[in-house]
Amino acid sequence: MYRVAVVKLTSCSGCINEIVYAFTFSDIVSKYRIEYFTELVDVEEMGGVDIVFIEGSISNKHQEELVKSVRAKAGFVVAIGTCAVMGGVQSLRVGSDVNDVKKAVYAEPQYIEVYSDVKPVTDVIKVDFVIPGCPINGSALTSFLRKYAFGGLPIAVHESVCAECKRRGLECVLVARGVPCLGPVTVSGCGAICPSFGRGCYGCYGIKYFDLNREKLEAFSRRLAELGMDRDDIDALLKGYGFKVYSAIMRGGEA
Amino acid sequence: MDNECYLHKAKYVMLETRLLNTGLAKKVWSCSTMNTNELCGNNCNLFVGGFKDLGTVVKLLQEDLGGVRLFGYKLHNDRIEFGEMKDFDEIPTTVADIQKPGYFRISSTGYRFRHSFSSPKAFLLPPEHSILTVSQGYEIVEDGDGEMGVVFLGIKPCDRKAMSILDGILYGKSPVYTKRRDSIKAIIVEECLEPGETCFCSAVKAGPTISSGFDIAYARLYKDTLVFKYGSSLGEKILVKAGLQKAQDSHVKAYFEMVANAISMMNSRISRVEELQKALKERIGDKSFWEKVSSNCVGCGNCNYVCPTCFCTEINDIVEEGYSKRIGMWLGCLTYTYGLVAGGHFRQELYTRYRHFVLHKFLFYPKQVGDVGCVGCGRCITWCPLGVDLRDTLNLLVEGGTR
Amino acid sequence: MKVELQKDNYTANPFVFRKALVVNKVEEAPGIYTYFLKFDGEFKILPGQFNMLYVYGLGEVPISLSNLPIFRNGYTLLEHTVRVMGAVTKAITLGLGIGSFIGIRGPYGNGWPLKDAEGRDITIVGGGIGIAPLRPIIKYVEREREKFGRMNILLGARTPRDMPYKYELDKYGAILNTKLLLSSDTPADGWVHHVGFVTDLINNIDVNIKNSVVFVCGPEVMMRVAVKKLLGRGFRKEDIYLSLERRMRCGIGVCGTCQFGHYFVCRDGPVFRYSDIEDYLWVEGI
């Protein structure tokens, strides 16, 4: 029996549902015991565990310290969701004045303690495995849990959403209908859900942290502009989920 | 002129175009020395009919073979894809495709369809296919699918050439490919008399006509005027049974003129492919050249997946409760994972993977299967979301310089 | 339609593996283990060839044969030395103890050209885990000593601790007409051998260059340096053999991921004559 903990930071909790769902498979439940999971188990403090899943991004000092202590208590750390892996959609606020942001959201902003920066978990501690997604694909998690139970890990396939799109036999929405689509520069894993409904990918698994540089991303932006997209919309879309990766690429060099 | 001479005229135009490209144009048209089979095969024994006759031909073929399924390009919800057809009339006859780098549309103003993002590869080597099912106790669980018989209807000469290339790599080796290849009982090819804007099949000798490796071929002279020919005794039997008329001189003349025009149009778009190998050998280690030509490439792999000859696969274990399914899945060489191993990466930089794509098609395939691995269908150009044009790279290679 | 296609050596499903039992496991060095695998039936495999080892639910890894195979009483005993690298090798080394099962299919690849090496001097240059595929050559030459000329064995590792087969290295040096030279990239207490790269030792060997065969295996950088040094000493391109590593998934030349130039490493290699790969070996990322 592997002991499991789930720790939630700043996020919408969408990935939590996928975690709960994964633990409904009998072959998985038989190999894992949930020790700490605020949504499921009535335990105040996380003890030592074999695996911890960390969901969400880091917004303040408290979360940063929590993550460090969690790392010390866990044998294996999995960052779950685009927030934990790349900062998620909330990192769009980076670059704006943090007080303005607080005021825009909260009635009494003086009680809100947050960094001006948003940190992915992977920036703060060493992570053993990542599962991006907004939310994550449940089958990626069950695959991880099943393979970890045999002493292994799923193979890492680093590719664009396009690969999954073509393997599903879908026609490219960008090429065939001029629909702006972030598939070519977005990490795979979703199974090309949006293109399967004739929509463009909006990059919720985050910008590819491999193969891209400023020149390539700019060429891609020009392509979206040719399809009639507004510059601001393109920027928002590219920054959207993988802001940290996007800004690293645009600062120069490869991600 | 008789049929033979029209053929020679067409060959002459073809040769002349080729020679003009190399700057060595001279009169070479000589009726007595030409191999009449090279262009269309079977001494251009042409028949004429309409789509109704094609329907008859398909029906007779199905009856003759018994219980075969039809696979081909079919029009469905404004989308054309390669797949199983309920009936021959699903074949696209009332629409045209408009293809440009990074651009594809179906238009109702024309009637000539070239090809779509999918190809016979989707049948022969499915994007995800089971290679083995294993129990937790390391026992093999047999899961063979039943025997089937298939007729390919309306595939293009480039598609047929792509099958020969895949045969060279996979036939007799890959279980899924071999089984599916063996299931093909007959091939009906549609020749292309008006190439698309991204087509260059004639430059790599993959089209626009076909001379062998098919049972029946047809070309659409006009909307409902088809020129038929047979490429096998089965094909001959069926065409005779269908009672098709011999083509008249006017049909033959129009056919060859259109073929000749198609060839000269395509050849004018691309440099001397025959000089590519030398250029590739010289440029193989020229990092800055390859970085330059791949500067707009984002490594999405669309070119690989739409390519009718790309066959690379990854093998992934999908674990279910109590057993594991080993799945072969398409993995393009443009994707980051290609060359990535635990503890290292053989092709970390994207330019090396773009280079591999080009080298493989034009330098390595000839050594692997005895022929260039590109069939000039232009799918990689049309379906590249950034419109990266392989022909630009090839032209730069042959003409030198980095633009 | 006449389809003239050739099915060579085609079996119903080449991905079917044999179920093998782990009968022994030896820790060679940190993260390097030798597995002794036993299964029913005879199995022909040559030095330099490899097998695909399958771990249930995780996948396969190509692993070279690391000792001569034993056929006895209707069963086969094979040795494979595995280094922890990725998910599958980690699962093998950490998870598979004596008494466990593993899937095995093969043999794949061409192997070292030992027949051609008969009557000639043999030089072996191995680095790190690259020593494993060379080890069966040493065993073979020891067994058939009179068939070969002088043997020079040059082995190197990052540190003395990382050297595999430490317990039997002395025996290699004791083989008739054989010289063993060792090296460690970094100095260590009690290390009396060369400190530096194993390729440095190429200049120190006494060998009839005109009648020689060289077998090299190790990291690609090391093999490139070895080739330079060997050519510098006057060895012929045709006499230098390298065993290459690539990303391999199928072992039978259909998955396409192990391409090195126009070669499929799994089928055309993994052992290549340097003269056959000279156009590719120096091209970064080929």
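The structure under discussion appears in the preceding block.
Residues numbered from 1 in each chain as written. Chains lettered and ligands numbered in written order. Predicted model: local features only at pLDDT ≥ 70, side-chain atom pairs only at ≥ 80, totals over all residues. Heavy atoms only, no water.

Observations concerning the nonpolar core
The biggest cluster of nonpolar side chains holds 216 residues, and the ones touching the most others in it are A:V52, B:F152, B:V358, B:F362, B:L390 and C:V216. Top element by residues in this core is helix α12 (residues 350-369) of chain B. It accounts for 10 residues. When neighbours within four sequence positions are excluded, C:V216 is seen to be in contact with C:W112, C:V125, C:L134, C:M222, C:M223, C:A226, C:L230, C:I240, C:Y241, C:L242 and C:S243. Core analysis: the next-biggest nonpolar cluster, separate from the first, contains 30 residues, C:F148, C:W191, C:F215 and C:Y241 among them. (Core = buried A, V, L, I, M, F, W, Y, C linked by side-chain atoms within 4.5 Å. Buried < 20%, exposed > 50% of the residue type's maximum accessible area, 1.4 Å probe, protein only. Helix = DSSP H or I, 4+ residues; strand = E, 2+ residues; numbered from the N terminus. Contact = heavy atoms within 4.5 Å.)

Comments concerning the sheet that holds strand β1 (residues 18-29) of chain C
Residue and element names in this part refer to chain C. The 7 strands lie next to each other as β4-β3-β7-β1-β2-β6-β5, forming an open sheet whose pairing is antiparallel. At either end of the open sheet lies a strand with only one pairing partner, and these are β4 (59-64) and β5 (70-72). Adjacent strand axes in the sheet meet at a mean angle of 35° when their direction is disregarded. Contacts between helix α1 (residues 87-95) and the sheet are confined to β1, β2 (32-40), β3 (50-55), β4, β6 (75-83) and β7 (101-108), with β4 contributing the most and set at about 75° to the helix. (Pairing = 2+ DSSP bridges. Axes fitted to C-alpha atoms, helices over the stretch in contact; angles between N-to-C directions.)

Some details on the interface of chain B and chain C
Counting residues at the interface gives 60 residues for chain B, matched by 48 residues for chain C. When chain B packs against chain C, the two sides together hide about 4400 Å² of surface, and 61% of this comes from carbon and sulfur. Its largest share of buried area at the contact with chain C, chain B owes to B:Y138, B:K173 and B:F346, together 18% of the area lost on that side. Our count for the contact surface shared by chain B and chain C stands at 4 salt bridges. With its nearest N and O atoms 2.6 Å apart, the salt bridge here joins B:E314 to C:R249. Between chain B and chain C we count 22 residue pairs in polar contact (both at pLDDT 80 or more) in total. For the side of chain B that touches chain C, the secondary structure elements donating two or more residues are β6 (128-135), α5 (157-170), α6 (175-182), β9 (184-191), β13 (313-320), β14 (323-330), β15 (340-341) and α12 of chain B. For the side of chain B that touches chain C, the residue count by class is 28 nonpolar, 19 polar and 13 charged. (Buried area = accessible area lost by both parts, 1.4 Å probe. Salt bridge = Lys/Arg side-chain N within 4 Å of Asp/Glu carboxyl O. Polar contact = N/O pair within 3.5 Å; in protein donor to acceptor, adjacent residues only side chain to side chain. Nonpolar A, V, L, I, M, F, W, Y, C, P; charged D, E, K, R; others polar.)

Focus on the interface of chain A and chain B
Chain A puts 37 residues into the contact, and the matching count from chain B is 44 residues. In total, about 3200 Å² of surface goes out of reach between chain A and chain B, with carbon and sulfur atoms giving 57% of it. Together, A:R167, A:E171 and A:V175 form the three largest contributors to the area buried by chain A at its contact with chain B, with a combined 22%. Counting the contacts that link chain A with chain B gives 2 salt bridges. A:D211 is paired through a salt bridge with B:R353; the nearest N and O atoms lie 2.6 Å apart. Elements that contribute at least two residues to the side of chain A that touches chain B include exactly α2 (26-29), α7 (138-149), α8 (161-167), α9 (173-177) and α11 (214-226) of chain A. In terms of residue class, the side of chain A that touches chain B is built from 18 nonpolar, 5 polar and 14 charged.

Let's talk about unusual backbone geometry
With omega at -5°, the peptide bond leading from A:C134 into A:P135 counts as cis. Its place among the elements puts A:P135 in the loop between β5 (129-131) and α7. If you check the backbone angles, B:K205 has positive phi at about 55° while not being a glycine. Locating B:K205 in the fold gives a position in the loop between β9 and β10 (216-222). Of note in this structure, C:N73 is not a glycine but carries a positive phi near 45°.

Remarks on α5(B)
All names here are of chain B. A rise of 1.5 Å per residue sets the reference length of α5, with its 14 residues, at 20 Å; its end C-alpha atoms lie 20 Å apart and thus fit the reference within 8%. Taking burial as the measure, the 14 residues of α5 include 12 buried ones, the bulk of the element. Those residues of α5 that sit buried are P157, C158, D159, R160, K161, A162, M163, I165, L166, D167, I169 and L170. At the exit of α5 stands G172, carrying a positive phi of roughly 80°. (Expected span 1.5 Å × (residues − 1).)

Regarding the packing of aromatic side chains
All names here are of chain A. Under the definition given, this model contains 41 aromatic pairs over all chains. Taking 5.2 Å as the distance between ring centres and 25° as the angle between the ring planes, the aromatic pair formed by F129 and F144 counts as stacked. Of this pair, F129 sits in strand β5 while F144 sits in helix α7, placing them 15 residues apart in sequence. The two residues F129 and F144 agree in class, both being buried. (Phe/Tyr/Trp six-rings, centres within 6.5 Å; stacked < 30°, edge-to-face > 60°.)

Some thoughts on the side chain of C:T89
Residue and element names in this part refer to chain C. As for its position among the elements, T89 is in helix α1. Among the residues examined, T89 registers a relative accessible area of 7% and is labelled buried. Among all residues touching T89, those that are not within four sequence positions of it are V61, V82, R83 and V84.

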